[in-house]
Amino acid sequence: AIKEIKKAIEKTYYKKGQKVIDQNFKAVDATLAHLYEVAIPKKVSAKNVDLLTVSEKAPAFVKEVTAMMMAGHGDDIPVSKMTVDGTYPSGTTQWEKRNISDLVPVWEPDVCIQCGNCAYVCPHSVIRAKFYHKDYLKNSPDDFKSAPINARGFPETQYSLQVYLEDCTGCNLCVEVCPATDPHNRSRKAINMGEKEPILKKEQENIDFFENIPWNDRSKIDFSTVHGAQFLEPLFEFSGACAGCGETPYLKLLSQLFGDRLLVANATGCSSIYGGNLPTTPWAKNKDGRGPAWSNSLFEDNAEFGLGMRITADKQLDVASSLLTELKAELGEEYVKEILGASQVLESEIVVQRNRVEGLKEKLRGMNSPAASHLLSVADQLVRRSVWLVGGDGWAYDIGYGGLDHALASGRNVKVLVLDTEVYSNTGGQSSKSTPTAATAKFAAGGKAGGKKDLAMQAISYGNVYVARVAFGANPQQTLLAMREAEAYDGPALILAYSHCIAHGYDLKDGLNQQNKAVASGHWPLLRYNPSLRKKNQNPFILDSPRPTMSLKDYAYNELRYKVLTITNPEAADVLIKHAQELVNLKWKTYEELATKAASDFVPVA
Ligand SMILES: Cc1ncc(C[n+]2csc(CCOP(=O)(O)OP(=O)(O)O)c2C)c(N)n1
Ligand code: SF4
Ligand code: SF4
Ligand code: SF4
C-alpha cells in the first residue's frame, strides 16, 4: 500500500517539483514511524460521557440545534426545534471554539505601540482592541493585560488587545505584521507566538472580562486610520476560511466600518462557503441586535441579486418618505422635515438619524392609522443602507461579469468588492480572466499566455463609477481609505482587492510580504478613481503606489503557481515571464500618464 501511496504522490505532484514530492514522502514515512496501536477498552470507564460541544452560556438554539450538528447528530434534530419562519440566527461561530492551533499570539503591552496592524490583518478576527477608563481595571483578573493609551491628553484611559486564542488558526500573520520590537531583545516583538495550553485557562477568564468592557462608541472614534478602525466591533468573525486567508480581512473591515447597516449579496465562492456554512455563521450582530444582512444567491446572478437589494431598499425609502409626508399633520412638519432632510455622511450623523428613527417608531406604535403601521414596517430604511456585492474573481471577471457590468452601468448606489485571488479558489484553482500572464492554474497548466483583464479600466470608462485597486498587506491605510470613499460616494463603486490564497502555492505566513511585492513589482498597482474629484475639476485618477522597485520575477517566483513552469517547461516559463514583464511595464506607463492628466481628459460626470 505504501508503494502505491508514493506512486500516487509522484503522479499528483510531479509538476510541483521533487521538493514537494520529498516532503510528501517524508510525511508518509513519519506517519509510519509514529504509528502505534491503541487498545480499545472493553467497557467505558469515564463518568461523564456527555462532552459539551458548546459553552453553557450559549443560547438555546445553539445548544439544541447548532451544537447537535457540530457533534454530527444533525439527523436527530426534531423539526420542532427549527424556527417557524426559517430564519437562522447569525454570529454562531463564536460558540464553535475550534482550538485548531497549539501556538497562539501572546501580546506584550510594554513593547506595543498600539498601531492596530495585528488586529487589522487577522483573517479570523481573533485579536480585538478596546480603550476604556482605568477604573475598569479595579475588577480585572490578575493576569489581564493593559497599557496606558498612547494618545496624548487621556491620562485615565487604558488600552487592551485581547487574543481569542481558542479561535486562532496559528497563521502567524499578526506576528509578521507587528512593527514593534523590544529594544533590549530584538527577537521579541510586541506580539509573539507561544504555547496555548499553559495560558488557556487564564486567558478564558481574561476574555470574559474583556467582553464585559463595552465597545467604544463608534460615533466618537476616528476610524480614518488603521489604528482607529480597530476600535470598531467586527461583525464578521471566526470564519472557517483557511489559516492565513487573504480574503477575510477585507470582509472583517467591511463589517467594522458599515456592519450595522450593511446588506451583502454574496456570490458563490470561498466567501459564500466560509460566510454561510452550516452549522455556524461568522456574520454577527452587535449588542443592539444590528448586523449585516447577508445572502448568497448564485454564482452567475449575484450582481443582479445585489442590485435588487438596492432597488428594494430605495423603493422602501420612497414609500417611507411619502408616508412620512402624508403623516406630517400628526407628526409635526418640522419633525418630518428633520428626518427627511438629515445628512447621513458622518458616522455621528448616522447615529443621530438612527435615534430619530427609533423615536419615530415609538410614536408610530402609539398611533392607530393604517398609514402609521405601514410606515412602521419600512421606517428602518430612513437610515442609510450600504449595499455591497461581494465575490471572487471567477464571479466578477467571468461568470457574473455581464451582471456586474449591468449593475455598475445602472448608476445605482451599489458597491462591489472583488476578493481577487486570481483563480477560482473554492473549486481548486481554475484559471479566470484575472489570472496573470505566466502563472499556471487549472486549465492553464502550461502557463497563461493571454493577458489579465483590466476590470478597473473597464469600470473607469463609465466615468461615474468609483474604482479602487487595493492590497491590505501592502498598504492597509489605502485599503481603508478606498472602502470609506467608495461607501461615501453616491453612486456605483468597484474595489478590486488583492487576496493571497493557498492556491498561490507558498506558506501564507508570507502573504503580506507577497502583497508588498505584488505592488512593488508593478503587478498590482494601487489606484483610486474618484468621480467626485472629476466633478470638482480635479484629476480623478490617483496612483497610490510608487514606481516599481523590483522585477516581476522577484515577486512571482516566490509562488509555486509561477515557479512550477520553470521546472516543467523552463523555455516556456522564460518566454512567458518576459512577456508578462512587458505587460506590467506597459500598464504602469499607461497608469502613470493617466495620473498626470488634466480633469478635462476624463469622462465628465453627468
Ligand atoms: C454557474 C456555476 N458554475 C460553477 C459553479 C461551481 N463553483 C462554485 S464556487 C466556484 C469558484 C468561485 O471562484 P471565485 O469567484 O474566484 O471565488 P473564490 O472561491 O476564489 O473566492 C465555482 C466554479 C457554480 N456554483 N455555479
Ligand atoms: S495567528 Fe493568525 S489567526 Fe491567530 S491571531 Fe494571529 S493573525 Fe489571527
Ligand atoms: S501590531 Fe504589534 S505594535 Fe501594533 S498593535 Fe499589534 S502588537 Fe501592538
Ligand atoms: S482557498 Fe484561498 S480564498 Fe479560499 S479560504 Fe482558502 S485561502 Fe481563502
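Every residue gets a number counted from 1 within its own chain, in the order that chain's sequence is written. Labels are handed out in written order, letters beginning with A for the chains and numbers beginning with 1 for the ligands. Given that this is a predicted model, residues contribute local features only at a pLDDT of at least 70 and side-chain atom pairs are listed and counted only at 80 or more, while totals for whole chains, interfaces and linings are drawn from all residues. With hydrogens and water set aside, each side-chain value is computed from the structure's full complement of heavy atoms.

## What to know about the site of ligand 3
Step number 1: For this description, a residue counts as near a given molecule or strand if any of its non-hydrogen atoms is within 4 Å of it. Taken together, 14 residues lie around ligand 3, and Cys112, Cys115, Gly116, Cys118 and Cys178 are the ones closest in.
Step number 2: All residues other than Ala, Val, Leu, Ile, Met, Phe, Trp, Tyr, Cys, Pro, Asp, Glu, Lys and Arg, Gly among them, are scored as polar; the first ten of these are nonpolar and the last four charged. Of the residues belonging to the shell around ligand 3, the class tally is 11 nonpolar, three polar and no charged.

## Re the packing of aromatic side chains
Step number 1: Centre distance within 6.5 Å is the pairing criterion for rings of Phe, Tyr and Trp, where only the six-membered ring of Trp is used; planes under 30 degrees apart are then read as stacked, over 60 as edge-to-face, and the remainder as tilted. Overall, the coordinates contain 18 aromatic pairs when judged by the stated rule.
Step number 2: Seen in terms of ring centroids, Tyr164 and Phe210 are 6.4 Å apart; in terms of plane orientation they differ by 80 degrees. Their pairing is edge-to-face. You can see Tyr164 sitting in the loop between strand S4 (157–163) and helix H5 (173–177) and its partner Phe210 sitting in helix H6 (residues 200–212), a full 46 residues away along the chain. In this pair, the class of Tyr164 matches that of Phe210, namely buried.
Step number 3: Among the aromatic residues, those joined into a ring-pair cluster are Trp107, Phe131, Tyr159 and Phe231.
Step number 4: When the NZ atom of lysine or the CZ atom of arginine is within 6 Å of a ring's centre and also within 35 degrees of its normal, the charge is said to sit over that ring. In this structure, Lys6 is placed above the aromatic ring of Phe25, and the distance from its NZ or CZ to the ring centre is 5.2 Å. Each helix corresponds to a stretch of at least 4 residues labelled H or I by DSSP, and each strand to a stretch of at least 2 residues labelled E; elements are numbered beginning at the N terminus. Here the term buried applies to any residue with accessible area under 20% of the maximum for its type, exposed to any over 50%, and partly exposed to those in between, with areas from a 1.4 Å probe on protein chains only.

## Examining the site of ligand 4
Step number 1: In the neighbourhood of ligand 4, the contacting residues comprise Ala241, Cys242, Cys245, Glu247, Cys270, Thr421, Ser425, Cys501 and Ile502.
Step number 2: Residue classes in the shell around ligand 4 are distributed as six nonpolar, two polar and one charged.

## Describing the sheet that holds strand S2 (residues 127–133)
Step number 1: Taking strand neighbours across the sheet as the criterion, the three strands line up as S2-S4-S3 in an open arrangement whose pairing is antiparallel. Looking at the sheet topology across the chains shown, the edges are occupied by S2 and strand S3 (147–148).
Step number 2: Throughout, a contact is declared for two residues whenever any of their heavy atoms are within 4.5 Å. Angles here are taken between N-to-C directions and fall from 0 to 180 degrees, while the axes themselves are lines fitted to C-alpha atoms, restricted in helices to the stretch in contact. Of the strands in this sheet, S2 and S4 are in contact with H6, which crosses S4 at around 130 degrees. Pairing between strands is defined by DSSP: at least two bridges between them are needed.

## Here we look at a nonpolar patch on the surface
Step number 1: Surface patches are defined over residues having more than 30% relative accessible area and no salt bridge, joining like charges when they lie within 9 Å and nonpolar side chains (Val, Leu, Ile, Met, Phe, Trp, Tyr) when within 5 Å. Per-residue and other accessible areas were derived by the Shrake-Rupley procedure at a 1.4 Å probe size, with only the shown protein chains allowed to occlude residues. When a carboxyl oxygen of Asp or Glu lies within 4 Å of a side-chain nitrogen of Lys or Arg, that pair is called a salt bridge. A cluster of nonpolar residues, Ile2, Ile5, Leu32 and Leu35, forms a patch on the protein surface that exposes about 350 Å² of accessible area.
Step number 2: Residue position: Ile2 is located in helix H1 (residues 2–13).
Step number 3: Here Ile2 falls in the partly exposed class, since its relative accessible area comes to 31%.

## Thoughts on the domain arrangement of the protein
Step number 1: Domain ranges listed in this record stem from an automatic or a database domain assignment. When the domains of the protein are assigned, the result is domain 1 (2–34), domain 2 (95–232) and domain 3 (421–601).
Step number 2: Here domain 1 and domain 3 have C-alpha centroids that lie 35 Å from each other.
Step number 3: The interface is formed by four residues belonging to domain 1 together with five residues belonging to domain 3.
Step number 4: Regarding the contact of domain 1 and domain 3, the summed buried area is about 340 Å², with carbon and sulfur atoms giving 75% of it.
Step number 5: Take the accessible area each of two parts loses on contact, using a 1.4 Å probe, and add the two losses: that sum is the buried area. Three residues, Lys15, Lys16 and Gly17, lead the burial of domain 1 against domain 3; their summed loss comes to 87% of the area buried on that side.
Step number 6: Summed over the shared surface of domain 1 and domain 3, the number is zero salt bridges.

## Considering the sheet that holds strand S16 (residues 527–529)
Step number 1: With respect to topology, eight strands assemble into an open sheet ordered S9-S8-S10-S11-S15-S14-S16-S17, the strand pairing being mixed. Sheet topology places strand S9 (293–296) and strand S17 (541–543) at the edges, where each strand pairs with a single neighbour. With direction set aside, neighbouring strand axes in the sheet form an average angle of 15 degrees.
Step number 2: For strand S8 (residues 262–266) and strand S10 (residues 386–392), the ladder comprises five bridges, and the chain directions are parallel. Counted as the bridge partner of Asn266 is Val390 from S10.

## Points about helix H2 (residues 18–34)
Step number 1: By this rule, a helix spans an expected 1.5 Å times one less than how many residues it contains. Between its first and last C-alpha, H2 extends 24 Å over 17 residues, near the 24 Å set by a 1.5 Å rise per residue.
Step number 2: For H2, the full list of buried residues reads Val20, Ile21, Phe25 and Val28. Along the long axis of H2, the arc covered by the buried residues comes to 140 degrees, so they all point the same way. Away from the buried face of H2 by more than 90 degrees, exposed residues Lys19, Lys26, Ala33 and His34 are located.
Step number 3: Buried-residue contacts for H2 involve H1 and helix H22 (560–568). Here, the arc refers to the directions that run from the helix axis to the C-beta atoms.

## Structural notes on the nonpolar core
Grouped burial of nonpolar side chains is what soluble globular proteins tend to show.
Step number 1: To form a nonpolar core, buried Ala, Val, Leu, Ile, Met, Phe, Trp, Tyr and Cys residues must be joined to one another through side-chain atoms within 4.5 Å. By size, the foremost hydrophobic cluster in this structure holds 122 residues, and its most contacted members are Tyr250, Leu251, Leu254, Trp388, Leu417, Leu494 and Phe541.
Step number 2: Here the element with the most residues in this core is helix H23 (residues 570–595); it accounts for eight residues.
Step number 3: Residue-level mapping places this core at the junction of two domains, with at least three residues from each of domain 2 (95–232) and domain 3 (421–601).
Step number 4: The contact partners of Phe541, leaving out residues within four places of it in the chain, are Met457, Ile460, Leu527, Arg528, Tyr529, Tyr591, Leu594, Ala595 and Phe602.
Step number 5: Listed in part, the 18 residues of the second largest apolar core include Ala320, Leu324, Val336 and Leu364.

## Remarks on the pattern of salt bridges
Step number 1: Inspection of every chain in the model, using the stated rule, returns 37 salt bridges.
Step number 2: In this structure, the salt-bridge partner of Arg290 is Glu358, at a minimum N-O distance of 3.2 Å. Here the residue Arg290 occupies a position in the loop between helix H9 (270–276) and S9, and Glu358 occupies one in helix H13 (residues 347–365), the gap between them amounting to 68 residues.
Step number 3: A relative accessible area of 30% means that Glu358 is categorised as partly exposed.
Step number 4: Here Lys452 makes a salt bridge to Glu422, at a shortest N to O gap of 2.7 Å. In this pair, Lys452 sits in the loop between strand S13 (430–431) and helix H17 (455–460) while Glu422 sits in the loop between strand S11 (415–420) and strand S12 (423–424), placing the two residues 30 residues apart along the sequence.
Step number 5: With relative accessibility at 0%, the residue Glu422 sits in the buried group.
Step number 6: Taken together, the shared-partner salt bridges in this structure form one network comprising Glu108, Asp110, Asp182 and Arg188.

## Some words on the environment of Trp395
Step number 1: Inspection of the secondary structure assignment puts Trp395 in helix H15 (residues 393–399).
Step number 2: Residue classification places Trp395 among the buried residues on the basis of a relative accessible area of 0%.
Step number 3: Sequence-wise, Trp395 and Tyr159 are 236 residues apart; in three dimensions their C-alpha atoms are separated by 41 Å.
Step number 4: The residues contacting Trp395, other than those within four sequence positions of it, are Ala267, Phe299, Asn302, Ala303, Leu389, Val390, Gly400, Tyr401, Leu404, Val416 and Leu417.

## Remarks on the packing of H1 against H2
Step number 1: At a minimum axis distance of 9 Å, the contact between H1 and H2 shows a crossing angle of 155 degrees. Taken as axis vectors, H1 and H2 run roughly antiparallel relative to one another. Considering only the axes of H1 and H2, their crossing is right-handed. Seen from H1, the contacting residues are Ile2, Ile5, Lys6, Ile9, Glu10 and Tyr13; seen from H2, they are Val20, Ile21, Asn24, Phe25, Val28, Asp29 and Leu32.
Step number 2: Residue composition of the contact of H1 with H2, by class: nine nonpolar, one polar and three charged. By the definition adopted for this analysis, an angle is roughly parallel if under 35 degrees, roughly antiparallel if over 145, roughly perpendicular if from 65 to 115, and oblique otherwise. Crossing chirality is assigned from the near helix's rotation relative to the far helix, an anticlockwise turn below a right angle marking it left-handed and a clockwise turn marking it right-handed.

## Concerning the side chain of Ser140
Step number 1: Within the element layout of this structure, Ser140 appears in the loop between S2 and S3.
Step number 2: There is a polar contact of 3.0 Å between the side chain of Ser140 and the backbone oxygen of Leu137. We define a polar contact as two N or O atoms separated by no more than 3.5 Å, with the added condition that, inside protein, one atom must be a possible hydrogen donor and the other a possible acceptor, whereas residues neighbouring each other in sequence contribute only through side-chain atom pairs.

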